[in-house]
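# Tertiary structure, described
What follows is each chain in one-letter form.
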Amino acid sequence: MRLRNIKGCRDKIAENAFVVHNPQEYQNNWDKVFHTKRPLYLEIGTGKGKFITELAIKNPENQYIGIEKFSSVLIRALEKREILEIDNLLFLRMDAEEIVNVFGKEEVDGIYLNFSDPWPKDRHAKRRLTSKRFLDRYQQILKPKGTVIFKTDNQELFDFSLEQAKLANWKILNMTYDLHHSKYVEGNIMTEYEEKFLKEGKPICRMEICF
């Protein structure tokens with residue numbers, strides 16, 4: 001994905017009230033950040049924020065954190081957040097590598113991965129957010145029966161992800177190679193990429209797994 005640099009976006013993010021700037025300080029204490037105790041869900045690679053924003057609006061009984069490492073993308077998600085009168089959505093500008101330093105054991109109820117970077121070269125496989133390396137990280141912070149839901153248009157990445165889940169001894173609760181022609185489409189919230197790919201006629205793969 002080619003990113004356009006947006007002048008001043010780092011400064012704007014540093015000043016934004018909806019970004020948690022020292023997240024390591026809140027490990028095991030995220031309820032205090034939200035000032036209430038509710039189930040906690042993460043979207044890793046939140047992009048421009050369409051998915052997690054709609055999710056937070058529709059599910060006020062939960063609290064949500066969008067994680068994005070690119071400032072020029074996160075700034076667009078924050079523009080959406082700033083016009084909403086909700087209290088259950090915050091953001092982190094950080095790399096997913098750091099999640100075990102930010103969230104504590106069994107602190108997270110679920111994780112969403114939407115159209116993650118496929119890192120197509122074999123030597124970069126460990127960077128894929130559905131690799132065993134990352135699944136091991138998720139297992140450290142997820143509650144028992146906590147799930148990871150993954151969507152992609154990339155079938156090779158999807159097959160890799162299914163294999164990695166089995167290798168990591170995760171259970172595949174459900175999966176489909178064509179979400180929008182399956183029973184799992186009910187309640188689905190689309191991302192910007194998903195809308196684009198559907199218009200192009202590309203099927204969307206989806207899986208839900210737990211350890």
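Structure first, text after, so check above.
Below is a summary of the structure that appears in this document. Just so it is clear, the model here is predicted, and its values are computed rather than measured.

## Brief notes about the overall build of the protein chain
Counting its secondary structure elements, the protein chain contains 7 helices and 7 strands. The C-alpha atoms of the protein chain give 16 Å as radius of gyration, which agrees with the globular expectation for 211 residues (17 Å, within 12%). Once the C-alpha set of the protein chain is aligned to its principal axes, its extents read approximately 40 × 35 × 35 Å. Put simply, the protein chain has 211 residues, and 49% of those count as buried. Taking the intrachain contacts of the protein chain between residues at least 6 apart in sequence as the baseline, contacts between residues at least 24 apart amount to 75%. In the structure as shown, the protein chain presents an accessible area of about 11300 Å², 48% of it carried by carbon and sulfur atoms.

## So, the pattern of salt bridges
What the rule picks out here adds up to 14 salt bridges. The shortest N-O distance in the salt bridge between K37 and D31 comes to 3.3 Å. Looking at K37, the relative accessible area reads 69%, which means it is exposed. K132 is paired through a salt bridge with D136; the nearest N and O atoms lie 2.9 Å apart. With K132 and D136 both in helix α5 (residues 132-141) and 4 residues apart, the pair spans about one turn of that helix.

## A short note on the packing of aromatic side chains
Applying the stated criterion across every chain yields a total of 11 aromatic pairs. Relative to F158, the ring of F150 lies with its centre 6.5 Å away and its plane at 20°, an arrangement referred to as stacked. When its relative accessible area of 0% is taken as the criterion, F158 is described as buried. Of the aromatic side chains, those joined through ring pairs into one cluster are Y41, F51, Y64 and Y112. Just above the ring of F18 sits the side chain of R81; from NZ or CZ to the centre is 4.0 Å. The aromatic ring of W119 is capped on one face by R127, whose charged end is 4.7 Å from the ring centroid.

## Remarks on the layout of surface pockets
Of the volumes computed, that of the second largest pocket is approximately 230 Å³. Lining the second largest pocket are 15 residues, with Y112, I149, G187, N188 and R206 sitting closest to its centre. Listed by contribution, the elements that provide at least two residues to the lining of the second largest pocket are α3 (50-58), β5 (142-152) and β7 (205-210). For the lining of the second largest pocket, the element with the most residues is β5, which contributes 3 residues.

What counts and what doesn't
Residues numbered from 1 in each chain as written. Predicted model: local features only at pLDDT ≥ 70, side-chain atom pairs only at ≥ 80, totals over all residues. Heavy atoms only, no water. Helix = DSSP H or I, 4+ residues; strand = E, 2+ residues; numbered from the N terminus. Rg over C-alpha atoms; globule rule 2.2 N^0.38 Å. Buried < 20%, exposed > 50% of the residue type's maximum accessible area, 1.4 Å probe, protein only. Contact = heavy atoms within 4.5 Å. Areas by Shrake-Rupley, 256 points an atom, 1.4 Å probe, with all protein chains shown as cover. Salt bridge = Lys/Arg side-chain N within 4 Å of Asp/Glu carboxyl O. Phe/Tyr/Trp six-rings, centres within 6.5 Å; stacked < 30°, edge-to-face > 60°. Lys NZ or Arg CZ within 6 Å of the ring centre and 35° of its normal. 1 Å grid on protein atoms, 1.4 Å probe; cavity = no way out; pocket = protein on both sides within 12 Å on 5 of 7 lines; lining within 4 Å. Points joined across faces, edges and corners; volume = space filled by probe spheres on them.

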